[in-house]
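Below are the chains, spelled out letter by letter.
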Number of protein chains: 2
Amino acid sequence: MATKALATWALALQFSNLTAPVIEIAVNSISNWAGCAIAGYEQPASVHAMDAILPFVVPQGNSTILGTDLSVDAQTAAFINGIASHADDYDDTHRDNPIHPSGPVMSALLAVAEWKGSINGEEFLAAFVAGVEAECKIGVAVFPEHYNVGWHITSTVGTVGAAVAVGKILDLDVAQLQQAISIASVQVIGMHESFGTETKPFHVGRAAQTGLMSAVLAKAGLTGSLEGLEAERGWSHVVSTRENLTAEIDTLGSVWEISLNTFKPFPCDRIMHAAIDGWIQIHDQAVQKQLDVTKITNVTARCHPRVLFLTDDPEPTTGLAGKFSVYHAAAVSLLFGQATPTQFTDEAVQNSTVVALREKVEVTSDDAVEEHESFVAVEFEDGTKLEVHVEHALGSYENPLTTEQLKEKFLDQVGRVIGKDRATKAYESFSNIGNSTDVADLVKGYKD
Amino acid sequence: MATKALATWALALQFSNLTAPVIEIAVNSISNWAGCAIAGYEQPASVHAMDAILPFVVPQGNSTILGTDLSVDAQTAAFINGIASHADDYDDTHRDNPIHPSGPVMSALLAVAEWKGSINGEEFLAAFVAGVEAECKIGVAVFPEHYNVGWHITSTVGTVGAAVAVGKILDLDVAQLQQAISIASVQVIGMHESFGTETKPFHVGRAAQTGLMSAVLAKAGLTGSLEGLEAERGWSHVVSTRENLTAEIDTLGSVWEISLNTFKPFPCDRIMHAAIDGWIQIHDQAVQKQLDVTKITNVTARCHPRVLFLTDDPEPTTGLAGKFSVYHAAAVSLLFGQATPTQFTDEAVQNSTVVALREKVEVTSDDAVEEHESFVAVEFEDGTKLEVHVEHALGSYENPLTTEQLKEKFLDQVGRVIGKDRATKAYESFSNIGNSTDVADLVKGYKD
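Residues numbered from 1 in each chain as written. Chains lettered and ligands numbered in written order. Predicted model: local features only at pLDDT ≥ 70, side-chain atom pairs only at ≥ 80, totals over all residues. Heavy atoms only, no water.

1. Things to note about the packing of helix H10 (residues 199-220) of chain A against helix H10 (residues 199-220) of chain B
The N-to-C vectors of H10(A) and H10(B) enclose an angle of 150°; their axes lie 14 Å apart at closest approach. Classified by the angle their axes make, H10(A) and H10(B) are roughly antiparallel. Pair H10(A) / H10(B) crosses with right-handed handedness. Across the interface between the two elements, A:Phe202, A:Arg206, A:Gln209, A:Thr210 and A:Leu217 of H10(A) pack against B:Phe202, B:Arg206, B:Gln209, B:Thr210 and B:Leu217 of H10(B). (Axes fitted to C-alpha atoms, helices over the stretch in contact; angles between N-to-C directions. Helix = DSSP H or I, 4+ residues; strand = E, 2+ residues; numbered from the N terminus. Parallel < 35°, antiparallel > 145°, perpendicular 65-115°, else oblique. Left-handed = near helix turned anticlockwise from the far one by under 90°. Contact = heavy atoms within 4.5 Å.)

2. A closer look at helix H1 (residues 2-12) of chain B
All names here are of chain B. Where H1 is concerned, the buried positions are Ala-2, Thr-3, Leu-6, Ala-7, Trp-9 and Ala-10. One side of H1 holds all its buried residues, which, seen down the axis, span an arc of 170°. Lining the buried residues of H1 we find helix H6 (121-142), helix H8 (153-169), helix H9 (174-185) and helix H12 (245-249). (Buried < 20%, exposed > 50% of the residue type's maximum accessible area, 1.4 Å probe, protein only. Arc of directions from axis to C-beta.)

3. Some details on the UniProt feature "signal peptide" (unreviewed entry) in chain A
According to UniProt, the feature "signal peptide" (unreviewed entry) maps to residues 1-21 of chain A in the numbering used here. Counting secondary structure, residues 1-21 of chain A comes out at 62% helix and 0% strand; the distance between its end C-alpha atoms is 30 Å. (UniProt positions renumbered as here; feature names shortened; annotations may be inferred.)

4. Side note on the interface of chain B and chain A
Listed as interface residues are 59 residues of chain B and, on the opposing side, 59 residues of chain A. Between chain B and chain A, roughly 4700 Å² of surface is buried when both sides are summed, and carbon and sulfur atoms account for 65% of that area. Connecting chain B to chain A are zero salt bridges. Mapped onto the side of chain B that touches chain A, the elements with two or more residues apiece are helix H3 (44-53), helix H4 (74-87), H9, strand E4 (187-189), H10, helix H11 (235-239) and helix H14 (306-311) of chain B. The leading source of residues in the side of chain B that touches chain A is H10(B), at eleven residues. For the side of chain B that touches chain A, the per-class residue count stands at 30 nonpolar, 22 polar and seven charged. When strand E4 (residues 187-189) of chain A meets E4(B), the two strands line up antiparallel, connected through three bridges. When the sheet's bridge partners are listed, A:Ile189 is paired in E4(B) with B:Gln187. (Buried area = accessible area lost by both parts, 1.4 Å probe. Salt bridge = Lys/Arg side-chain N within 4 Å of Asp/Glu carboxyl O. Nonpolar A, V, L, I, M, F, W, Y, C, P; charged D, E, K, R; others polar. Pairing = 2+ DSSP bridges.)

5. So, the packing of helix H5 (residues 102-116) of chain A against helix H8 (residues 153-169) of chain A
Residue and element names in this part refer to chain A. At a minimum axis separation of 7 Å, H5 and H8 run at an interaxial angle of 30°. Regarding the angle of H5 to H8, the classification is roughly parallel. Handedness of the crossing formed by H5 with H8: right-handed. When H5 is examined against H8, the residues Pro-104, Val-105, Ala-108, Leu-109 and Val-112 are found in contact with a partner set consisting of Thr-154, Gly-158, Gly-161, Ala-162, Ala-165, Val-166 and Ile-169.

6. Focus: the domain arrangement of chain A
All names here are of chain A. According to the domain assignment, chain A consists of domain 1 (2-265 + 401-447) and domain 2 (270-390). Relative placement of domain 1 and domain 2: their C-alpha centres are 31 Å apart. At the junction of the two partners, domain 1 supplies 22 residues and domain 2 supplies 15 residues. Taken together, domain 1 and domain 2 are joined by one salt bridge. The tally of links between domain 1 and domain 2 comes to four residue pairs in polar contact (both at pLDDT 80 or more). Within the side of domain 1 that touches domain 2, the residues separate by chemical class into seven nonpolar, eight polar and seven charged. (Domains from an automatic or database assignment. Polar contact = N/O pair within 3.5 Å; in protein donor to acceptor, adjacent residues only side chain to side chain.)

Structure follows, in structure tokens:
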């Protein structure tokens, strides 16, 4: 009954059911997504996907490709915006699960809202939250088995999240939404093997487009299972050796998954953030003590085992690969005292000083260390040792970015691409989405 | 090395490497696919998918939606033709594995050949065979574990088959094709839970479109893994508990998977064909003995266990569901002595005489019975018993449809939709593909 229960709950959800903290974090999620999508358009993954798709698309339509002045059909906009939103690995993450919730849902939902028109901010927020709850509940229900075998959980559950959000906006009935969920669930997108390549952000765009089309197909009458999530040879059993769907679906509306969302302070795999936080602190201490960070002789980190599971790449050659190399992250954090998009370019990864330092980094796994915790240390030529214990990484649930910090992140990230003035206007639009009478206007705002 | 070995082999394959039997069965596969795709456009799955996609597509382009006069962009044509080609469940099947090889590959490849133009029949055949070999080798490598857990293997491997065929036509280099294979492989489409709904044929269309776009994306520069098939957290390990990739890839060019292709005489799940063959024989005996088939009191079949695994639906309500109900198949075969598209309509499934007889059918599983074997029996009111042992079902590898029978099937299937004259022209075009100087002309031929 999980599929029916989810569809029923999602369609019944109203803006008035959302608590104030849920609304606040939903709005922050949306503006953080918008920053990533606008700025991410410049990344190679987005550019290559645009080059690929344009021969198949007539560039007319109502749905904006963020970061450009182009409008296209909604499925193409969802596809490209989804890729762009994840291309910098600078998005959001669920506290208990490496799901980046906003990418698949927002990329699909905004494209559809622009296509349909006359969707107000409150309706939009309710649909967005419904999509996020859907994908996170089913993701939590199959975690960690589903993830550990190699699925990229953001996109595998993201198809369903996008289908739910879009299905709600398109006014599907319960049976249609059950079928939309099932159609989305049999299209399982994304594996770890893509990490460090442009296929990783591609997963998110494809998930957004897949979920969107699943809702559209169900509305057009394409029949599907009514029990896609829980059926014996349906989603949960096919993609995971364990599932806990019924229990998770039962908590819809009482445990808000979106309230567990967190935002990345660094544009790279979140699992390294605790170590990066520590190394940046060490950099700052070194500056204060007038120690030369190029004279570091060795670097260590004791971390949660998933750090090496995901980021054990000693010799990245592209900026994208650098986002999944704890060694590169160590080097730039220690040398520059920051981990912004500038530190994850091809140039940064190939910089000889960075390369020299990353070769001195040793990382060990420790089951007793939490995901957002790290013990990092460095030693200098003169024998000086500095060490830091990060209990809760910057950007983690216990040490979150504030709304003000998120605004700064947005202005920095987006300002690099479209300038500070337009970035400020874009931030104002997206962060005031709750008051919008037509969400399609948000995007027009920043284009002018 | 499986991904690289597959890409290298596929790009090197020339028409001159194909043996005469391989060419013959490839051409039969292509014309059988074309018949299914042209006729299948009338099925609800195709119609609903068209309704869904049209708001996103400008109906102009070079790629034909078979069964219509519409031409669109290649990814949309691949999508719709793929759905149509599987909508009747009348397509082809690998001898050792329930892969329907032509659907994903042909749907993608023909659309691309029309888009690109100037692809001759020999080039086309080489690309088609490369795609079929690719999907079948990787499918055999993970069968039966991958299938038994619930994946619809036609579409899960079909993305890769389509990517290989299209990548070859688009002149990708080896590294690009490795990436195209990897991009396709992380998009895993289709589960058994969709069987009996329109989502099942949707899987095939989506696989065709996914494979096509994976090749286009790789050519446009979207980076992906070079080892998507064999990597620890890549395709084979994520989707199956067992894999035998290296051994299967090693047989490329020595064991031709396409030579194991078979064609369906009945438009329904192939696993029931041995029983249907037997029941039709019983019908014919009954007619000869002047026994009234409406006076049958009970029907039995002893079959391979996969018959009940896949078709144990005692109360189908739609023609589509009837294709996956061994009870419905028994009733129509015994009552009408045939199993053509006419016997798998909503009307046929709801016919009260059919319903009355299907309730008298009992099927048992027997591990000692082969997949293409059956022991069927019926009893009449007057106590007469008739029984038949089918050793090799009509259409199986050991008892294949001849080229002449395939032509009859095509003319019947396609003639129902576009009339006998156009059907004949269409058959002539597709069955002479080897002599074509531009494959795009094949489709023009039947449109005139």
